[in-house]
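The chain contents come next:
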Amino acid sequence: MGGLTYTMLDTTNLSTAEMYGNVLCELGKEHPEIVGLSADLAKSTKIGLFAEKFPNRFFNTGIAEQNMFGIASGMAKCGLVPFVSTFAIFTSMRALDQVHTDICYQNLNVKMIATHAGLSFGQAGTTHHCTEDIAIMRSMANLKVIVPADGMETANAVVQAYETEGPVYIRINRGFDQKVYENTDYDFRIGKAHQLTDGNDLTIIACGSCVYQAIEAAKILSSVDGIKARVLNMHTIKPIDREAVLKAVYETRRIITVEDHNVMGGLGSAVAEVIIESGKGCAFRKLGIPDTFSIIGLHEDLMAYYEIDTNGIVENVRKLIGLEFEEDEDWEDEV
């Protein structure tokens, strides 16, 4: 991990974005080619920590996100490794033309750390809720899309993003995520899901802030209903772990996806594509924000409203368990 020195205490004291900022500072000590860019949001996105350590390698473009991504592409062409930080809504929408043409089309080594994603901006309002970015960004050729579950996973994602050639989009929340991992010492690999609980009755595939909720839901389902749910942390949406999805289809035959994102085009759609292309049927349900603009409120209240919190997952799993579907007896022969 390149000399990272975070303790378990740090995970409760640091927001996910602060974990990112500190990890970037550690990387910056070892790699002078790393530069940071922000569009007047250094404090909010915590790349300001890098700016304090390396003022000559940090560039504030002002409120000009499109220009910022264009500058980052030029820096990458010169051999630098730009880490660009702004809100997810600005990265995936306001500056999408530059992300598409200047960065992804040229397959440039730019790392985009998009904060305040999903519903995490809560009371800031619908215009700042970024619930479409996974769908948008995973459609960009050459771009890897990562949605860490907590601060420790964010640390791993940032390090591996640096070590991975080409553009990377990392989506994190506004504030403090519930702790999923005690430290960074687990098998995190871009493109490989991480199984958190065992079970063959059903698989819950989640990303981001919904991973913790899925784990808690699995505990309730096990103790109250006797349902053994497998929980997969699908931290990488692109490239998605097809092997893990197909294994879940084969072994559990029931899959539910959970994401802090619109149900159109996000994690659920990515998982469904894998299932459909396999030609194998299963009972399937997507949880997320329906095809609508989100309402305003506290993040935890919004998650409950859209049934992507623990209770919502539990109730939807109970419905899915009772759903009948046509069994394919020769499935194993066709794997």
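Residues numbered from 1 in each chain as written. Predicted model: local features only at pLDDT ≥ 70, side-chain atom pairs only at ≥ 80, totals over all residues. Heavy atoms only, no water.

K.L.:
Would you mind showing me how to read the pattern of salt bridges here?
P.N.:
Think of it this way: side chains of opposite charge can pair up when their charged atoms draw near. Tallied over the full model, the rule gives 13 salt bridges. Residue E273 pairs with R138 through a salt bridge whose shortest N-O separation is 2.8 Å. With E273 in helix 12 (residues 267-278) and R138 in the loop between helix 8 (133-137) and strand 5 (144-146), this pair connects stretches of sequence that are 135 residues apart. R138 sits in the buried class, given a relative accessible area of 18%. Two residues, E251 and K247, come together in a salt bridge whose shortest N-O distance is 3.1 Å. You can see E251 and its partner K247 sitting in helix 11 (residues 242-252), 4 residues apart, about one turn around the helix. Taking the relative accessible area as the measure of exposure, E251 reaches 31% and is therefore partly exposed. Under the relative-accessibility criterion, K247 is labelled partly exposed at 41%. (Salt bridge = Lys/Arg side-chain N within 4 Å of Asp/Glu carboxyl O. Helix = DSSP H or I, 4+ residues; strand = E, 2+ residues; numbered from the N terminus. Buried < 20%, exposed > 50% of the residue type's maximum accessible area, 1.4 Å probe, protein only.)

K.L.:
Would you explain the sheet that holds strand 12 (residues 283-289) in this entry?
P.N.:
Note on sheets: strands pair through backbone hydrogen bonds, and any given pair is parallel or antiparallel. Strand order in the open sheet formed by 5 strands is 7-9-8-11-12, with mixed pairing between adjacent strands. On the outer flanks of this sheet lie strand 7 (194-197) and strand 12, each paired with one strand and no other. Recorded for the sheet is a direction-independent mean angle of 25° between the axes of neighbouring strands. Contacts from helix 10 (residues 210-225) reach strand 7, strand 8 (202-206), strand 9 (229-233) and strand 11 (254-262) within the one sheet, and its direction differs from that of strand 9 by about 170°. (Pairing = 2+ DSSP bridges. Axes fitted to C-alpha atoms, helices over the stretch in contact; angles between N-to-C directions. Contact = heavy atoms within 4.5 Å.)

K.L.:
Can you walk me through the environment of G268 in this structure?
P.N.:
Residue placement: G268 occurs in helix 12. Spatially, the C-alpha atoms of G268 and T257 are 5.4 Å apart, while their sequence positions differ by 11 residues. Sequence-distant contacts of G268, defined by excluding residues within four places in its chain, comprise T257, E259, F284 and K286.

K.L.:
Just checking my understanding: could you explain the sheet that holds strand 10 (residues 236-238) for this structure?
P.N.:
Spatially, 7 strands are ordered 2-1-3-4-6-5-10 in an open sheet, and the strand pairing comes out mixed. Only two strands of the sheet have a single neighbouring strand rather than two, namely strand 2 (58-60) and strand 10. Here the strands of the sheet are splayed against their neighbours by 20° on average, with no regard to which way each runs. The pairing of strand 4 (residues 111-115) with strand 6 (residues 168-171) spans 4 bridges and is parallel. Bridging from a neighbouring strand, M112 pairs with Y169 of strand 6. Along the sheet, helix 9 (residues 151-163) contacts strand 1 (34-38), strand 3 (81-87), strand 4, strand 5 and strand 6; its crossing angle with strand 6, the most-contacted strand, is approximately 175°.

K.L.:
Please clarify how helix 7 (residues 96-104) should be interpreted in this entry.
P.N.:
Three- or four-residue spacings in an α-helix give side chains the same orientation, since the helix completes a turn every 3.6 residues. Taken together, the buried positions of helix 7 are occupied by Q98, V99, I103 and C104. Looking down the long axis of helix 7, one finds its buried residues gathered within 140° of arc, a one-sided arrangement. On its buried side, helix 7 packs onto helix 5 (65-77), helix 6 (88-94), strand 4 and helix 8. (Arc of directions from axis to C-beta.)

K.L.:
Looking at this model, I keep getting lost on the pairing of strand 12. Mind explaining?
P.N.:
Both faces of the sheet carry side chains from a regular strand, because those side chains alternate between them. Across 6 bridges, the pairing between strand 11 and strand 12 is parallel. Looking at the pairing, I255 lines up with F284 of strand 12. In the classification by handedness, the crossover that spans strand 11, the intervening helix 12 and the parallel strand 12 is right-handed. (Right-handed = clockwise from strand over helix to strand, strands pointing away.)

K.L.:
Looking at this structure, I do not really get helix 12. What am I missing?
P.N.:
In a regular helix each residue adds 1.5 Å, so 12 residues correspond to 16 Å; helix 12 covers 17 Å between its end C-alpha atoms and thus fits that length. Among the residues making up helix 12, those that are buried are L267, G268, S269, A270, V271, V274 and I275. (Expected span 1.5 Å × (residues − 1).)

K.L.:
Looking at this structure, I do not really get the packing of aromatic side chains. What am I missing?
P.N.:
Each pair of aromatic rings is reported with the distance of its centres and the angle of its planes. Evaluation of the coordinates by the stated rule reveals 6 aromatic pairs. Seen in terms of ring centroids, F87 and F90 are 5.7 Å apart; in terms of plane orientation they differ by 20°. Their pairing is stacked. Take F87 and F90: they sit in the same class, and that class is buried. With centroids separated by 3.8 Å and ring planes inclined at 0°, the aromatic side chains of Y181 and Y186 adopt a geometry described as stacked. Look at Y181 and you get buried, because its relative accessible area is 6%. Judged by its relative accessible area of 17%, Y186 is buried. Ring pairs connect the aromatic residues F87, F90 and F121, which therefore count as one cluster. Above the plane of the ring of F54 lies R57, whose end atom (NZ or CZ) is 4.4 Å from the centre. (Phe/Tyr/Trp six-rings, centres within 6.5 Å; stacked < 30°, edge-to-face > 60°. Lys NZ or Arg CZ within 6 Å of the ring centre and 35° of its normal.)

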